[in-house]
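Report on the structure
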Amino acid sequence: MPIAVFIKSAASPKDFPDDSGREVAFVGRSNSGKSTAVNLVAGVRKLARVSKTPGRTQLVNFFSLGEGRRLVDLPGYGFARVPPEVQARWRTLLETYLRDRASLVGLVVTVDIRRGLTRLDDQLLRWLESRRELPVAVLLTKADKLSRGAGLAVEQQVAAALGPTPLVTRFSAPTQDGVEAARGWLDSWLGGK
């Protein structure tokens, strides 16, 4: 995978880069390990801002992977401690990107394996059913926090909940589990190397 290079951050859809080429976006509940996953999959430390405080990704962040291919870090959803009007702005930004972005060719949803699919994750996945052509994969983050058996059980439950051909894998920053699978998804969606 080519080295990811920051392009820009967008606070509103009018700030998005030209809607051409191919993009894979990462989205997840606040504090699900999304930014850590972006950094590991991209192979660049500190590409996406990582924090113990939920809600640090507040803009849509675009990174170039060369030749019209981009990685996109979307704002988290859920329990970030921000005013309701800020949450509403993030929701509108997220929905507009997911609904209207023609260059979006794949979506990676990060889910904390200890919580499994939450109501908010389920809402997002159901909302995405309107874009049936969009491949969606789930990274079960923080897999090192569970035993192997417990992690496999959650992976099977999530896969069963997602339907006949889910893309689901356990993912861990300390052990690097799931990194190669996620890179494979990106290469496939973005058109290879």
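First, a word on what this report is: a plain description of the structure on this page.

Parameters at a glance
- Residues numbered from 1 in each chain as written.
- Predicted model: local features only at pLDDT ≥ 70, side-chain atom pairs only at ≥ 80, totals over all residues.
- Heavy atoms only, no water.
- Salt bridge = Lys/Arg side-chain N within 4 Å of Asp/Glu carboxyl O.
- Helix = DSSP H or I, 4+ residues; strand = E, 2+ residues; numbered from the N terminus.
- Buried < 20%, exposed > 50% of the residue type's maximum accessible area, 1.4 Å probe, protein only.
- Pairing = 2+ DSSP bridges.
- Axes fitted to C-alpha atoms, helices over the stretch in contact; angles between N-to-C directions.
- Polar contact = N/O pair within 3.5 Å; in protein donor to acceptor, adjacent residues only side chain to side chain.
- Core = buried A, V, L, I, M, F, W, Y, C linked by side-chain atoms within 4.5 Å.
- Contact = heavy atoms within 4.5 Å.
- Arc of directions from axis to C-beta.

Here we come to the pattern of salt bridges. Under the definition given, this model contains 13 salt bridges. In this structure, R170 engages E155 in a salt bridge whose closest nitrogen and oxygen atoms are separated by 2.7 Å. Taken as a pair, R170 in strand β7 (residues 167-170) and E155 in helix α4 (residues 148-162) lie far apart in primary sequence, 15 residues in all. There is no split in this pair, since R170 and E155 are both buried.

What follows deals with the sheet that holds strand β1 (residues 5-10). Reading across the sheet, the seven strands line up as β1-β3-β4-β2-β5-β6-β7 and stay open at both edges, with mixed pairing between neighbours. The sheet is open, and its two borders are formed by β1 and β7, each paired with just one other strand. The average undirected angle you get between the axes of adjacent strands in this sheet is 20°.

Moving on, we come to the side chain of K34. Positionally, K34 belongs in helix α1 (residues 34-42). For K34, a relative accessible area of 6% gives the class buried. Among the polar contacts made by the side chain of K34, one reaches the side chain of D73 at a distance of 2.5 Å. Within the local environment of K34, its side chain forms a polar contact with the backbone oxygen of L74, the two atoms lying 2.8 Å apart.

Counting 28 residues, the largest nonpolar core has L74, Y97, L98, L107 and V109 as its most contacted members. Elements supplying a minimum of two residues to this core: β2 (22-28), β3 (60-64), α2 (84-100), β5 (104-112), α3 (119-127), β6 (136-141) and α4. When residues no more than four places from it in sequence are discounted, the contact partners of Y97 are F16, E23, A25, F62, V72, L74, L104 and R131. Of all hydrophobic cores here, the second largest spans 24 residues; its members include V24, V44, L47 and V105.

What follows concerns α3. Among all positions of α3, only D121, L124 and L125 are buried. Along the axis of α3, the buried positions cluster into a sector of 95°, meaning they face one direction only. Exposed side of α3, more than 90 degrees from the buried face: R119 and R126 are the residues found there.

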